[in-house]
Amino acid sequence: MKRIHADSFAPKYQSGKWSWDKNADRLHFQEHFDLEDANERYIDTNGYKFLRSINQEEEMIFRQVFVRSDTTYDADTVVINDVRDLVLFMMPKEFLSMKFVEFMHAPPVHRLIHALIIYFEYYLRLVEFVLIRRDELAGNMAQVQSEQTNEMKRIFSANLSQYRMLVARNYCLIIMGEGNMSKFYHTKPIVNISSKIKDKFFHEQFLAVATQIVWITMHRRAYYVIEMEMNRLFRSEHFLMNRSEYLKFSPVECSLLYGKNKKMVNYRAQCSPMVQELTNVADEDLPILWIGERKYRGSDRRISEIELEYIVPGPQLRMIDIAHGILGHPKRLYNTILHLDWPEVRFSNFSEQHDPYYVIRQPHLRIPNINEMHLRRMSQKYEQFFKIFRIYEPYNRELLVKWVERDKIINYYRSGGVLHNIFMRCEKQLISEEERDVPKIIHNYFDVVSKFRKKTNIFLADASHHKDGRPYKVKGDDHFFS
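As the structure is a computational prediction, the values presented were derived from the model and not from experiment. (Residues numbered from 1 in each chain as written. Predicted model: local features only at pLDDT ≥ 70, side-chain atom pairs only at ≥ 80, totals over all residues. Heavy atoms only, no water.)

Draft legend 1. Region of the structure containing the pairing of strand 4 (residues 48-51). Strand direction decides the pairing type here: strand 3 (residues 42-45) and strand 4, joined by four bridges, are antiparallel. Counterpart to D44 in the pairing with strand 4 is K49. Here strand 3 hands over to strand 4 after two residues, with N46 in that stretch at a positive phi of 55°. (Pairing = 2+ DSSP bridges. Helix = DSSP H or I, 4+ residues; strand = E, 2+ residues; numbered from the N terminus.)

Draft legend 2. Looking closely at the environment of M319. Turning to its location among the elements, M319 is positioned in the loop between helix 10 (301-311) and helix 11 (342-347). For the pair formed by M319 and Y357, sequence separation is 38 residues and the distance between their alpha carbons is 9.8 Å.

Draft legend 3. Just the nonpolar core, in detail. If you look at the biggest cluster of nonpolar residues, it comprises 103 residues, and the most contacted ones within it are M104, L116 and Y123. Residue contributions to this core peak at 16 residues, all from helix 4 (residues 107-136). In contact with Y123, other than residues within four places in its own chain, are L160, V225, E229, F249, L257 and Y258. (Core = buried A, V, L, I, M, F, W, Y, C linked by side-chain atoms within 4.5 Å. Buried < 20%, exposed > 50% of the residue type's maximum accessible area, 1.4 Å probe, protein only. Contact = heavy atoms within 4.5 Å.)

Draft legend 4. Main features of the pattern of salt bridges. Taken as a whole and judged by the stated rule, the model has 29 salt bridges. Among the salt bridges present, the one from K183 reaches E102, with a minimum N-O distance of 3.0 Å. With K183 in the loop between helix 5 (147-175) and helix 6 (196-217) and E102 in helix 3 (residues 98-104), this pair connects stretches of sequence that are 81 residues apart. Judged by its relative accessible area of 52%, K183 falls in the exposed class. In this structure, R376 and D300 form a salt bridge, with 3.0 Å as the shortest nitrogen-oxygen distance. Taken together, the residues span a long stretch of sequence, with R376 in helix 12 (residues 372-377) and D300 in the loop between helix 9 (273-279) and helix 10 at a distance of 76 residues. For the pair shown, R376 and D300 are each scored as buried. Beyond isolated ion pairs, a larger network of salt bridges with shared partners links R41, E57, E58 and R414. (Salt bridge = Lys/Arg side-chain N within 4 Å of Asp/Glu carboxyl O.)

Right, dumping it as structure tokens:
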């Protein structure tokens, strides 16, 4: 990643200027801030202030202490964990609890954020399509819509509902306390008493962090559109704030964006739009509920596309020519806070013919086949035999404690703590460890190098039969790299 500030060392003195204060009859020191307007230093998300930018000192601390290690898989590529770590560093200090940090590192939450990114990638394209159609239908030169246009809109709306269904599936597994998420359930197992107040603040904090993660992943564009839709998904339209920055959609546009399952009732009996998606699932959409759990076998092309888009990891998205914001992009194209570095983009020589990361090309909506809905109803489904799973990066208590004590670590380095570079770390390690085990060093080196090289031995049988050769370990219902 590129550095925001050119100097690699933290400033010894504060940047600013001295001026004479006539009222106090003394010298006054006026600091120089990175941003001219103080309000631009923060961004308000659901009532919480997140950092929008970081200064030189914070950048040095983040890069050396909190950034994802180079020994992890795909360390040179932007993945969801990189965006999550950035948001955890820039979020308010009241979020720093062991329960919340552990919740954000849980694999089910990773799957939910992954589904949200896929959903908002398609949702922003559809909102842009709605705004363009709004301009085409207004004014003296308005265009007349044909029946084929209406049918195409219905297909777009059905496709968006399918992505929303995928988000709802992952969200319901969390709120029901399934598997490893039982520790975050709002009721205590023995006394069966609900912690409503704690669960309320926990839910608000997660919504704010999820909004920030999706917004940064989407190249920091359409913030108010993302915030409005995120709150609508997890709450309902009854509890949306009436802000002037939010877009106002007509009833026809709402039917296109929100789908046919949207129902508005009294706020006491209102369910969230995600739960409504699961109450009325069409027969041809039932395989969506098994995406990521079982391998789909059937002739429905749409289900195969959603499955491919969901199960392919971020670093391999360029191989299937799909864009999910900044996921899968090389880190060399971005700075520390994941802003696109345009000089580096120009030196990469991307063009319309060579643009695997959708930097020059713009993501677009594919014009569907008019008979797509009819063909999907006629598609055949076969029995699903193969179970699939995703392998996640492991996390330990030491990592969680480091995030909980984020402010203490930052204040320690600001008060005079030394930020060690690679030379100082090696020198300190040689002094502290007089007797070094050479075979252990070689073994650790090959463990790190093996993550960046392809395995020569391929097991044709089930990987679970080769316990010594498995590249992962099972913890509960999830799988982690060993």
